[in-house]
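Listed below are the residues making up each chain.
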Amino acid sequence: MLNYILKRLLTLIPLILGISIMSFFVIHLAPGKPTDIRFELNQKVSLQTRDRLEKLYGLDEPIIIQYWKWLKRLGQFDFGRSFIDERPVMDKIKERIPITLAINLVSICLIFLIAIPIGVFSAVGEGKGFDRTMTIMVFVGFAVPTFWLALLLIKLFSVDLHWLPVSGIRSLEFETFNFWGKTLDYIRHLILPIFVSAFTSLAGLSRYMRTSMFEVLHQDYIRTAYAKGLPKRRIYFRHALKNAILPVITIVGLSIPGLIGGSVIFEQIFAIPGMGKLTYDAVMSRDYPVIMCVLVISAFLTLLGNFLADIAYCFADPRIRYGAKKQ
Amino acid sequence: MKKNDLLEVKNLKTSVFNDQRQVCVVDDVSFSIYENSVLGLVGESGCGKTMTALSLTKLVGSAARFEISGAVNFNGKDLLSAPAKDLLRVRGRQITYIFQEPSTCLNPVLTVREQMEEVLRLHRKDISRSGYDKFLVEGLEKVGMNFAAQKLKTYPHQLSGGEKQRIMIAMATLSRPKLLIADEPTTALDVTIQAQILVLLHSLKRELGIAMLFISHDLDVIGEIADYIAVMYAGKIVEISPAQKLLLTPKHPYTKGLIDCLPQNCKDNIRRRKVIAGEVPRGGIYPAGCRFHPRCPDCMDKCRTRPPPVFRSKDAEEEVSCWLYSN
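In what follows, the accompanying structure is described.

**As for the nonpolar core**
Part 1 of the reasoning: One finds B:Leu7, B:Phe31, B:Leu56, B:Tyr97 and B:Leu201 to be the most contacted residues of the largest nonpolar core, which totals 155 residues.
Part 2 of the reasoning: Counting 17 residues, the second-largest nonpolar core is a separate cluster that includes A:Ala150, A:Leu153, A:Phe270 and A:Ile272.

**Digging into a nonpolar patch on the surface**
Residues and elements named next belong to chain A.
Part 1 of the reasoning: There is a patch of nonpolar side chains on the surface, built from Phe147, Trp148, Leu151, Leu152, Val264, Ile265, Tyr280, Val283 and Met284 and spanning about 810 Å² of accessible area.
Part 2 of the reasoning: Among the secondary structure elements, those contributing two or more residues to the nonpolar patch are α7 (146-160), α13 (264-269) and α14 (275-284).
Part 3 of the reasoning: By the secondary structure assignment, valine 264 is in helix α13.

**Thoughts on the sheet that holds strand β5 (residues 77-78) of chain B**
All names here are of chain B.
Part 1 of the reasoning: Spatial ordering of the open sheet is given by β2-β1-β4-β5, a layout of four strands whose pairing is antiparallel. Every other strand in the sheet has two partners, leaving β2 (21-34) and β5 as the edge strands with one partner each.
Part 2 of the reasoning: Relative to β5, strand β4 (residues 66-74) is paired through two bridges, and the arrangement is antiparallel. Counted as the bridge partner of asparagine 73 is aspartate 78 from β5.

**Looking at the packing of aromatic side chains**
Part 1 of the reasoning: Applying the stated criterion across every chain yields a total of 17 aromatic pairs over all chains.
Part 2 of the reasoning: Ring geometry for A:Phe25 against A:Tyr67: centres 6.3 Å apart, planes inclined by 55 degrees, an arrangement best described as tilted. A residue pair is termed long-range when its members are at least 10 positions apart, and A:Phe25 in helix α1 (residues 2-29) and A:Tyr67 in helix α4 (residues 63-75) qualify at 42 residues.
Part 3 of the reasoning: Looking at A:Tyr67, the relative accessible area reads 8%, which means it is buried.
Part 4 of the reasoning: Stacked on the ring of B:Phe99, the Lys or Arg A:Arg223 has its end atom at 3.9 Å from the ring centre.
Part 5 of the reasoning: Here B:Arg291 stacks its cationic end above the ring of B:Tyr286, 3.9 Å away from the centre of that ring.

**Digging into the interface of chain A and chain B**
Part 1 of the reasoning: Contact residues are listed per partner, giving 24 residues for chain A and 29 residues for chain B.
Part 2 of the reasoning: Roughly 2,400 Å² is buried in total at the junction of chain A and chain B, and carbon and sulfur atoms are behind 59% of that figure.
Part 3 of the reasoning: Between B:Glu118 and A:Arg238 there is a salt bridge, with its nearest N and O atoms 3.6 Å apart.
Part 4 of the reasoning: Inspection of the region where chain A meets chain B yields 12 residue pairs in polar contact (both at pLDDT 80 or more).
Part 5 of the reasoning: A per-class count over the side of chain A that touches chain B returns 10 nonpolar, five polar and nine charged.

**Some words on the sheet that holds strand β9 (residues 228-233) of chain B**
Residues and elements named next belong to chain B.
Part 1 of the reasoning: Spatially, the eight strands line up as an open sheet ordered β6-β7-β8-β3-β9-β10-β12-β11, and their pairing is mixed. The sheet is open, and its two edges are formed by β6 (95-98) and β11 (311-312), each paired on a single side.
Part 2 of the reasoning: Of the pairings in the sheet, the one linking β6 to strand β7 (residues 179-183) comprises four bridges and is parallel in character. Residue pairing for β7: tyrosine 97 is matched across the bridge by isoleucine 181.
Part 3 of the reasoning: Set on the sheet, helix α8 (residues 191-208) makes contact with β3 (38-42), β6, β7 and β8 (211-216); between it and β8 the angle comes to about 155 degrees.
Part 4 of the reasoning: Where helix α11 (residues 253-261) meets the sheet, its contacts fall on β3, β9 and β10 (236-242), and the angle it forms with β9 comes to roughly 105 degrees.

**Quick notes on the pairing of β7(B)**
Residues and elements named next belong to chain B.
Part 1 of the reasoning: Counting buried positions over the five residues of β7 gives five, a clear majority of the element.
Part 2 of the reasoning: Alternating residues of β7 divide into Leu179, Ile181 and Asp183 and Leu180 and Ala182, and every residue in both groups is buried.
Part 3 of the reasoning: Inspection of the sheet shows β7 paired to β8 by five bridges, in the parallel sense. Looking at the pairing, isoleucine 181 lines up with leucine 213 of β8.

**Looking at the pairing of strand β1 (residues 5-18) of chain B**
Residues and elements named next belong to chain B.
Part 1 of the reasoning: Here β1 runs beside β2; their pairing, made up of 10 bridges, is antiparallel. Bridged to leucine 12 within β2 is valine 29.
Part 2 of the reasoning: Connecting β1 to the next strand, β2, in antiparallel fashion are two residues, including aspartate 19 with a positive phi near 50 degrees.
Part 3 of the reasoning: With eight bridges joining them, β1 and β4 adopt antiparallel strand pairing. Bridge pairing in β4 links serine 15 to glutamate 67.

Definitions and limits used
Residues numbered from 1 in each chain as written. Chains lettered and ligands numbered in written order. Predicted model: local features only at pLDDT ≥ 70, side-chain atom pairs only at ≥ 80, totals over all residues. Heavy atoms only, no water. Core = buried A, V, L, I, M, F, W, Y, C linked by side-chain atoms within 4.5 Å. Buried < 20%, exposed > 50% of the residue type's maximum accessible area, 1.4 Å probe, protein only. Patch = residues over 30% accessible without salt bridge, like charges linked within 9 Å, V, L, I, M, F, W, Y side chains within 5 Å. Areas by Shrake-Rupley, 256 points an atom, 1.4 Å probe, with all protein chains shown as cover. Salt bridge = Lys/Arg side-chain N within 4 Å of Asp/Glu carboxyl O. Helix = DSSP H or I, 4+ residues; strand = E, 2+ residues; numbered from the N terminus. Pairing = 2+ DSSP bridges. Phe/Tyr/Trp six-rings, centres within 6.5 Å; stacked < 30°, edge-to-face > 60°. Lys NZ or Arg CZ within 6 Å of the ring centre and 35° of its normal. Contact = heavy atoms within 4.5 Å. Buried area = accessible area lost by both parts, 1.4 Å probe. Polar contact = N/O pair within 3.5 Å; in protein donor to acceptor, adjacent residues only side chain to side chain. Nonpolar A, V, L, I, M, F, W, Y, C, P; charged D, E, K, R; others polar. Axes fitted to C-alpha atoms, helices over the stretch in contact; angles between N-to-C directions.

On their own, these measurements won't tell you what the molecule is for.
Next comes the structure, spelled out in C-alpha cells:
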C-alpha cells in the first residue's frame, strides 16, 4: 500500500511539469502583453520606456529562457511579483484564499449533505411523487445559468425585500459591530453566494447519486438481501448505499481544486474578493506571474484530488483494496 | 397415497410491466411441493421458471413493477394475500433462496461474516451474539467449506465461484428453513463443482429434511436430485410427474423432445445432436391454442385453436396438458 502511494506521488512530478509547460506557453503566446495595459492608451510613453519595462520584467528574452527562470524560482517556492502592483504573488493569493475556501467548503458540504439523500430517496421511490418533483427541480437547476439565478435572487432578496445585502462580504459599518454582529454580517452576505454556488452543482450530484443507487438496487445481491427477509431500510442503507456511494468518492476528489479555484462568475456578480475574481483580473491584464501561480496551484490540487480519491476508494472498496495489496 | 403438502400453488399468474406493456410471464401455474421432497422445475431459458420461484414470496418487485394473482398456501397461510410483515417472517426464515450466479449474489463490500450474521440476527433469536462465531463456522463446515474461520473474514471477490455458492447455501440454511428454492444453483459452476454442490444439496435434504424447489434447464441435473419434475413451457406447466416416470415415459411432446435432446440419447450420431425445431415464444406473445403447437411434431387441428386442459392419470400422480391424452 505504502509502495503504491509513493509510486503515485512520484508520477505527480512529471505531470505537474508538463502542465506548467503547456500553460506557460499558452499564456505567453496569447495576444496582448502585460505592458500594453499601461502604455497602449498613453501617448506620452515612448517606445524606449516600453522596451525598458519589458526588459525589467524579462519579457524580451526567448520564451524558453523565461520558462526556465520561472521554473528555477518555482523550485524555491518563489512565484515572483505581480506585474500590476509589484506585490509578491503569494501575498495576493493568501489574502484571497480564505473567503473562497470558506464559501466553497460550506457549499460543497451542503451539496453532499443534500444531494446524496435526494438521490437515494429518488432512486428508492422511482417514478413516485418525490422522484418526479426532484427530477423537475434538478433539470431546472441544470438549465438555469448561475449569473441569471444570482441576479434574480439579488433582485428579490436584496433590492425588493431588503432582507439581504446586495454584494460584497461585509457592511460599511462592519468595524463597529461586536464579534457576533460581525459573524452575522458575514453570514448575511454569504447566504446568496453559497446558495447560488450550491444550487447548480446540487442538481448534477443528486442526479448522479440517483443513477448510481438505481443501478445498485437492480443488482443480484440486492435480490439476495430481499430473499433473506431483511427490512427495506436495512437493504437501502446498508446493502445498497454502501455500493452506490463508491463512484461519488471520485466526485469528491474532483471537487477539491474547486475549493481554491472559486467561481469567476458569481464572485464577479456578488463582488466577492476571492480567487475567482483574482484569476479573472489577472487574465484580463496579462499578469503572467499571478496567472501561472493560480494555474500551478489548481493543477496541483486537481492531481492531488484524484490521488486522494484513489486512496479513499481503496479504503471504501475491498475489491480495490486487496487488488492494490497484491501489486 | 396422499402426501403432506408443504406448499401448494394454485393458479399462480404473474405479469410484469415492461414499457407500459403488461407481459404475462407465469400463466396459471399450479403445483405442490411435499414435505421433505424435491420438485424439479425444468424448461428452456425465458419460460418463466425464475419468475415462478420469485413470485412464491413476492420477490419479483425488486426488479420490476408486477402483478401476482392466485394463491400460494404455505403452512395453511396464503403468502400472496398475507400482509408484508408476515411475509417477511416467512421469506428468509421458512423459505430461503439460492440463486444462479453466486458471484453477483453476494454483496461485494460486506464480508462473509457480516452477510451471514444478518440472517442470524433476523431469524435466530435463540442464539446469543457470543455464539455467532461458532455457529457460523459450523454452518460453513456443514456445507463443506475449508478454512471456515478464515473465510468468514473475506470479501466475496476473494472466493471462488464454488465457495461463493457454498456460502449462499450455508446462508440459506442458517435459519432452518422448511423450503429451499434453488434457482439454477449449479448453472454458473464448472462440472466438478456442479457435482459437489448437487451432493451437498442432496445431503441437506436428507439430513435437515428440507424440501426443495430445484430449478434448472438441465434435465440431467434435475434427474439426479428431484423426486418430482414439472416441465414448464412459455409460462405454463405442461407436465408434472414423479421423476422416474417422467424421465422413462414422458408424455408431453415437449418433454419427449427435451429428453431426446440429452446427449446420451443421441448415441447413434454424436456429432448431430437432436434439437427441438423452432424457438421459445418471447415477450409474452404466445401462439393461440396450445403454446407448443408450432413446434410440436404431433400437432393436431384442435391444438391450434384450443388450449389443452390438464389431464390427470388415475392415481393422480401424473398431470399433462396435451390433447393427445384426452382419451
